[in-house]
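Here are the chains, one letter per residue:
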Amino acid sequence: MTDKLGAGREIVRPARTDNPNAQIATKLRALYLSVQEEAIPDRFLDLLEKLDAVERRSMPDVAK
């Protein structure tokens, strides 16, 4: 079970030990939250910026 905190964060409560599905759900939720909090690598951000620049150059100007 989870409770909402401010800014979209949740408290992950331990699952009941007699329910394997609840244990799996709790572990998956904890993994998802930890991945969600990881920073985006600079290399990936640079690649996204380059792709955006190419996309902007390839689109015809609508104002013309």
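The following paragraphs examine the structure supplied in this document.

Calculation criteria
Residues numbered from 1 in each chain as written. Predicted model: local features only at pLDDT ≥ 70, side-chain atom pairs only at ≥ 80, totals over all residues. Heavy atoms only, no water. Helix = DSSP H or I, 4+ residues; strand = E, 2+ residues; numbered from the N terminus. Buried < 20%, exposed > 50% of the residue type's maximum accessible area, 1.4 Å probe, protein only. Areas by Shrake-Rupley, 256 points an atom, 1.4 Å probe, with all protein chains shown as cover. Expected span 1.5 Å × (residues − 1). Polar contact = N/O pair within 3.5 Å; in protein donor to acceptor, adjacent residues only side chain to side chain. Patch = residues over 30% accessible without salt bridge, like charges linked within 9 Å, V, L, I, M, F, W, Y side chains within 5 Å. Salt bridge = Lys/Arg side-chain N within 4 Å of Asp/Glu carboxyl O. Lys, Arg positive; Asp, Glu negative; His and termini not counted. Charge placed at Lys NZ, Arg CZ, Asp CG, Glu CD.

Topic: the overall build of the protein
Helix and strand content of the protein: two helices and two strands. Ordered by position from N to C terminus, the α and β elements of the protein give β-β-α-α. Taking all 64 residues of the protein together, 3% fall into the buried category. Counting only carbon and sulfur atoms, one obtains 58% of the accessible surface of the protein, whose full area is about 6,100 Å².

Some words on helix H1 (residues 20-36)
Its 17 residues give H1 an end-to-end C-alpha distance of 24 Å, which sits within 8% of 24 Å, the value for a rise of 1.5 Å per residue. Between the side-chain oxygen at the start of H1 and the backbone nitrogen of Asn21 there is a gap of 3.1 Å, and the oxygen is on Asn19.

Section: a nonpolar patch on the surface
A surface patch of nonpolar side chains, amounting to about 530 Å² of accessible area, comprises Ile40, Phe44, Leu45, Leu47, Leu48 and Leu51. Take Phe44: it is sitting in helix H2 (residues 42-58). What makes Phe44 partly exposed here is its relative accessible area of 43%.

Here's the deal with a negative patch on the surface
The grouping of Asp42, Asp46, Glu49, Asp52 and Glu55 at the surface amounts to a negative patch. You can see Asp42 is positioned in helix H2. The exposure class of Asp42 is exposed, given its relative accessible area of 57%.

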